[in-house]
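# Structural features, examined
Below are the chains, spelled out letter by letter.
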Amino acid sequence: MANIQLAANLRYLRELNKRSQEDMGAIFNISRQAYSNYETMNRTPDLDMLIRIARYYNLTLDQLITHNLSNETE
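All chains use their own residue numbering, which begins from 1 and follows the written sequence. Reporting of local features is limited, given that this is a predicted model, to residues whose pLDDT is at least 70; pairs of side-chain atoms are given and counted only at 80 or more, and all residues count toward the totals for whole chains, interfaces and linings. With hydrogens and water stripped out, all remaining heavy atoms of the structure feed into the side-chain values.

## Considering the overall build of the protein chain
Each helix is a run of DSSP H or I of at least 4 residues and each strand a run of E of at least 2, with the numbering of both proceeding from the N terminus. In terms of regular secondary structure, the protein chain is built from five helices and zero strands. Scanning the protein chain from its N terminus toward the C terminus, one meets helices and strands in the order α-α-α-α-α. Relative to the globule expectation of 11 Å for 74 residues, the C-alpha radius of gyration of the protein chain, 11 Å, shows essentially globular dimensions. In terms of overall dimensions, the protein chain has C-alpha extents of about 30 × 30 × 20 Å along its principal axes. Within the protein chain, buried positions represent 32% of all 74 residues. We call two residues in contact when some of their heavy atoms are within 4.5 Å. A separation of at least 24 residues holds for 57% of the contacts in the protein chain among residues at least 6 apart in sequence. Note on method: radius of gyration uses C-alpha positions; expected globular size equals 2.2 Å times residues raised to 0.38. Exposure is judged per residue with a 1.4 Å probe applied to protein chains only, and the accessible area is read against the type maximum: over 50% gives exposed, under 20% gives buried, and values in between give partly exposed.

Following this line, the structure appears as structure tokens:
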């Protein structure tokens, strides 16, 4: 099941941190294409990958998946 908010958050967080898809692939030991597929909703990260991404950004899974992070202020 595609999750539009997750895909938007992944792109937002990556760009906020000035990272490329290539960078993110290297960080998570996946290909740039695999990470790109998460952002374009062609593929959904498995639970292990979601946990790794959430930990990387110091977020909960709920925040990563359901919150519109681009609208939240720190």
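## So, the pattern of salt bridges
For this document, the term salt bridge refers to a Lys or Arg side-chain nitrogen within 4 Å of an Asp or Glu carboxyl oxygen. This model, assessed by the stated rule, comprises three salt bridges. Across the pair arginine 14 and glutamate 15 runs a salt bridge, and its minimum N-O distance is 4.0 Å. Residue classification places arginine 14 among the buried positions, given a relative accessible area of 9%. Since its relative accessible area comes to 41%, glutamate 15 is described here as partly exposed. Here glutamate 39 ties to arginine 14 by a salt bridge, and the two come within 2.6 Å at their closest N and O atoms. With glutamate 39 in helix α3 (residues 32-39) and arginine 14 in helix α1 (residues 4-16), this pair connects stretches of sequence that are 25 residues apart. Several salt bridges converge on common partners, so that one network encompasses Arg11, Arg14, Glu15 and Glu39.

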